[in-house]
Amino acid sequence: MFLVAVTGGIATGKSTVTQVFKDNGVPVIDADIIARSVVEQGKPAWHKIKMVFGDGVLTESGDIDRDALGRLIFNSAEKRKILNEITHPEIHRIMYKQIIKYFFLGHPFVVLDLPLLFETGVMFQFIHKIITVTCEEDMQLTRLMDRNRYSEEDAKKRIAAQMPLQHKCEKSHFVIENSGSIRDTQAETLKILELLQESNHHWKLRGILLTTAAILFSGIAWFLHHRYKIFPLPHIQ
C-alpha cells in the first residue's frame, strides 16, 4: 500500500477532489476531521488548550470556540506554533492507526487530506505522490469569506499563514486547477485516479514488508529454539 497526499490552500477545493476518491472506493483520511475530534471536550488536547489559552477560547457549554481560537492564533505565529504542538502529535497518531488499518484491509493506496503537508513536513517522507489543489487568488479569498463568513482581513490572515500555492504546486507530482467548474475538477481528479490505480507500487511495498516480516520471524524462531528450546525449527533432510 502507498500513500497519496491531497493538499493545497484553505478554500481551494480539496474536498471536491477527495470526494471523487471516496466515490470510487478509495479510503480518505481527513486531517481536519481528526483535528476536530482530538479537541473534543474532555480529551487531552482540550485540557491543554484550556490551560494554555484560557476559558476565552471555550463556548458556554465548554467546547472549543473555533472562531475565538482562530482569531487568537492567526494574530500570533507563536501561539499558532503552540497550538500545533498540542494537536499535531494526537492527529498524526490517529492517522497512523488508520493507515495501518487500511493496509491490513488490503487497499492498494490511501489518500491523506493534509492541508498543512508542506508546512509541517511531518508525514512528508511517507508520501508516494502529492496532489495540490489550487485556484486563482481572488477566487480563494472570495470562497473563504463566503464559506466561513470571515472579513476580508481575517481571510487574508488565514491564507497568509500557509505556504504560497505556487510553491506547493512546484513541489507536487500532480496539480489540479480548481478555478473552473466542478465537472472540470472532477474530470482532472479521475485522470489522476486512473494513473494511481495502474501503479504497481503497492505490490513492491507489500513484498518488502512480507520479506522483512519473514526474516524477523525466522530470527525470533531461531532465538527461541536455541535459547529456550520452546520453538521447534523445521527439520531439513
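Below is a short write-up of the structure. Here the structure is a predicted model, which is why all the values come from computation and not from measurement.

It is worth spelling out the overall build of the protein chain at this point. Helices and strands together make up the secondary structure of the protein chain, namely 11 helices and five strands. For the protein chain, the residues scored as buried account for 38% of the 237 residues in total. Sequence separation of 24 or more characterises 71% of the internal contacts of the protein chain that already satisfy a separation of 6 or more.

Let us now look at the environment of Ile159. Among the secondary structure elements, Ile159 is positioned in helix H8 (residues 152–160). Residue classification places Ile159 among the partly exposed positions, given a relative accessible area of 21%. Distance in space between the C-alpha atoms of Ile159 and Glu137 is 9.5 Å, their sequence separation being 22 residues.

Following the criterion strictly, the structure yields five salt bridges and no others. In this structure, the salt-bridge partner of Lys156 is Glu152, at a minimum N-O distance of 2.9 Å. Note that Lys156 and Glu152 are positioned in helix H8 at a spacing of four residues, about one turn of the helix. In this structure Lys156 comes out as partly exposed when scored by relative accessible area, which is 45%.

Here we take up helix H2 (residues 31–38). Within H2, the full set of buried residues consists of Ala31, Ile34, Ala35 and Val38. The buried residues of H2 all sit within an arc of 105 degrees when viewed along its axis, so they share a single face. Considering only its buried residues, H2 is in contact with strand S2 (28–30), helix H3 (44–53), helix H5 (77–104) and strand S3 (109–113). Between a side-chain oxygen at the N-terminus of H2 and the backbone nitrogen of Asp32 the separation is 2.8 Å; the capping residue is Asp30.

Calculation rules
Residues numbered from 1 in each chain as written. Predicted model: local features only at pLDDT ≥ 70, side-chain atom pairs only at ≥ 80, totals over all residues. Heavy atoms only, no water. Helix = DSSP H or I, 4+ residues; strand = E, 2+ residues; numbered from the N terminus. Buried < 20%, exposed > 50% of the residue type's maximum accessible area, 1.4 Å probe, protein only. Contact = heavy atoms within 4.5 Å. Salt bridge = Lys/Arg side-chain N within 4 Å of Asp/Glu carboxyl O. Arc of directions from axis to C-beta. Polar contact = N/O pair within 3.5 Å; in protein donor to acceptor, adjacent residues only side chain to side chain.

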